Amino acid sequence: LAKTTQPISMDSYEGQEVNITCSHNNIATNDYITWYQQFPSQGPRFIIQGYKTKVTNEVASLFIPADRKSSTLSLPRVSLSDTAVYYCLVGPPGAGSYQLTFGKGTKLSVIP
Amino acid sequence: NAGVTQTPKFQVLKTGQSMTLQCAQDMNHEYMSWYRQDPGMGLRLIHYSVGAGITDQGEVPNGYNVSRSTTEDFPLRLLSAAPSQTSVYFCASSSFRTGSFNEQFFGPGTRLTVL
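Residues numbered from 1 in each chain as written. Chains lettered and ligands numbered in written order. Predicted model: local features only at pLDDT ≥ 70, side-chain atom pairs only at ≥ 80, totals over all residues. Heavy atoms only, no water.

Notes on the overall build of chain B
Then step 1. Across its full length, chain B carries zero helices and 11 strands.
Then step 2. Going from the N terminus to the C terminus, chain B shows its helices and strands as β-β-β-β-β-β-β-β-β-β-β.
Then step 3. Relative to a compact globule of 115 residues, whose C-alpha radius of gyration would be 13 Å, chain B shows 13 Å and is just as compact.
Then step 4. For chain B, the C-alpha atoms occupy an extent of roughly 40 × 30 × 25 Å along the three principal directions.
Then step 5. The buried share of chain B, taken over its 115 residues, is 52%.
Then step 6. Accessible surface, chain B as shown: approximately 5100 Å² in total, 52% of it carbon and sulfur.
Then step 7. Charge separation in chain B, taken as the distance between the mean sites of 8 positive and 8 negative side-chain charges, equals 10 Å. (Helix = DSSP H or I, 4+ residues; strand = E, 2+ residues; numbered from the N terminus. Rg over C-alpha atoms; globule rule 2.2 N^0.38 Å. Buried < 20%, exposed > 50% of the residue type's maximum accessible area, 1.4 Å probe, protein only. Areas by Shrake-Rupley, 256 points an atom, 1.4 Å probe, with all protein chains shown as cover. Lys, Arg positive; Asp, Glu negative; His and termini not counted. Charge placed at Lys NZ, Arg CZ, Asp CG, Glu CD.)

Shown next, in the form of structure tokens:
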């Protein structure tokens with residue numbers, strides 16, 4: 001599985017847009033990029049997944065450049081409830097890989 | 001759907017005791033896994049299963065056993081608890097049918113303390 005690198009922590013004020021970038025230089029051709037969110041004392045929760053260009057859902061947007069060596073999770077107008085740890089994972093879909101590696105993630109703190 | 005459920009929520013053990021953490025899912029998912037999360041750390045894979053009767057080791061399997069007799073249940077057994085196994089344990093499941101393996105559904109976790 002591709003190794004990922006993301007910032008350990010970020011701070012943001014309420015109402016701002018937050019962008020968290022993940023580097024994955026050795027991403028494979030058939031790998032997808034997936035982001036999870038984990039609130040304190042809870043299990044991780046799937047946020048968004050993409051392969052290339054841009055994906056948007058009701059929670060976030062995911063921007064993937066043409067070379068796919070990095071990706072950016074964008075959270076619009078964050079609120080205090082967005083304070084969480086965000087994990088970037090890279091791996092193939094389906095049963096191609098049975099193991100996912102959750103690194104330390106990025107701890108986002110939203111300040112009032 | 002209840003999703004992924006775990007019991008107990010909290011557990012305190014003495015060194016050397018054994019116990020089983022329960023995990024069940026009602027989504028008919030083929031894939032189930034156990035992770036542990038230590039303070040300030042990411043999740044580390046302990047064991048996983050791709051279907052009933054099939055299990056395999058993850059990154060940190062020592063001291064833990066698993067079995068998968070049904071699609072729904074995937075218990076994790078601690079054979080002889082050690083203080084180093086103090087952690088929060090998460091169970092997760094996923095379906096191969098969706099074509100999006102990376103979307104895993106996590107349970108609420110079991111907080112285990114070994115004295």
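Focus on the packing of aromatic side chains
Then step 1. Counting across every chain of the model gives 10 aromatic pairs over all chains.
Then step 2. Grouped by ring-pair contacts, the aromatic residues Y36(A), F46(A), Y87(A), F102(A), Y35(B) and F106(B) constitute a single cluster.
Then step 3. One Lys or Arg, R68(A), reaches over the ring of Y51(A) and ends 4.0 Å from the middle of that ring.
Then step 4. Over the face of the ring belonging to F74(B) we find R68(B), whose NZ or CZ atom lies 6.0 Å from the ring centre. (Phe/Tyr/Trp six-rings, centres within 6.5 Å; stacked < 30°, edge-to-face > 60°. Lys NZ or Arg CZ within 6 Å of the ring centre and 35° of its normal.)

Overview of the sheet that holds strand β9 (residues 106-111) of chain A
Residue and element names in this part refer to chain A.
Then step 1. Pairing is mixed across the open sheet formed by five strands, whose spatial order is β1-β9-β8-β3-β4. Each edge of the sheet is formed by a strand with only one pairing partner; in this case those strands are β1 (9-13) and β4 (45-50). Between one strand and the next, the sheet's axes are offset by a mean angle of 25 degrees, whatever the strand orientation.
Then step 2. Of the strand pairs in this sheet, strand β3 (residues 32-38) and β4 are connected by five bridges, and their pairing is antiparallel. In the strand pairing of β4, W35 is matched with I48. (Pairing = 2+ DSSP bridges. Axes fitted to C-alpha atoms, helices over the stretch in contact; angles between N-to-C directions.)

Quick notes on unusual backbone geometry
Then step 1. Geometrically, the link from T7(B) to P8(B) is a cis peptide bond, its omega value of -5 degrees lying close to zero.
Then step 2. With respect to the element layout, P8(B) can be found in the loop between β1 (4-7) and β2 (10-13).
Then step 3. The phi dihedral of S41(A) is positive, around 65 degrees, even though this residue is not glycine.
Then step 4. Given a relative accessible area of 60%, S41(A) falls into the exposed group.

A closer look at the pairing of strand β5 (residues 53-56) of chain A
All names here are of chain A.
Then step 1. Of the strand pairs in this sheet, β5 and strand β6 (residues 61-64) are connected by four bridges, and their pairing is antiparallel. Within β6, the residue paired with T53 across the bridge is I64.
Then step 2. What sits between β5 and β6 in their antiparallel hairpin is a turn of four residues.

A look at the environment of E72(B)
Residue and element names in this part refer to chain B.
Then step 1. Summarising the element assignment, E72 is placed in the loop between β7 (64-66) and β8 (76-78).
Then step 2. For E72, a relative accessible area of 38% translates into the label partly exposed.
Then step 3. Distance from E72 to T7, taken between C-alpha atoms, is 14 Å for residues 65 residues apart in sequence.
Then step 4. Among residues more than four places away in sequence, those in contact with E72 are C23, A24, Q25 and M32. (Contact = heavy atoms within 4.5 Å.)

Focus on the pairing of β1(B)
Residues and elements named next belong to chain B.
Then step 1. Alternating positions in β1 separate cleanly, V4 and Q6 being buried on one face and T5 and T7 remaining unburied on the opposite face.
Then step 2. As judged from the four bridges shared by β1 and strand β3 (residues 19-25), these two strands associate in the antiparallel manner. When the sheet's bridge partners are listed, V4 is paired in β3 with Q25.

Regarding the pattern of salt bridges
Residues and elements named next belong to chain B.
Then step 1. A complete count under the given rule lists two salt bridges over all chains for this structure.
Then step 2. Ionic pairing is found between D38 and R36, a salt bridge with its closest N-O pair at 2.9 Å.
Then step 3. The partner of R44 in a salt bridge is D38, and the shortest N-O contact between them spans 2.6 Å.
Then step 4. R44 gets classed as partly exposed once you look at its relative accessible area, which sits at 28%.
Then step 5. Accessibility expressed as a relative area gives 15% for D38, which makes it buried.
Then step 6. Among the ionic contacts, a cluster of salt bridges with common partners joins R36, D38 and R44. (Salt bridge = Lys/Arg side-chain N within 4 Å of Asp/Glu carboxyl O.)

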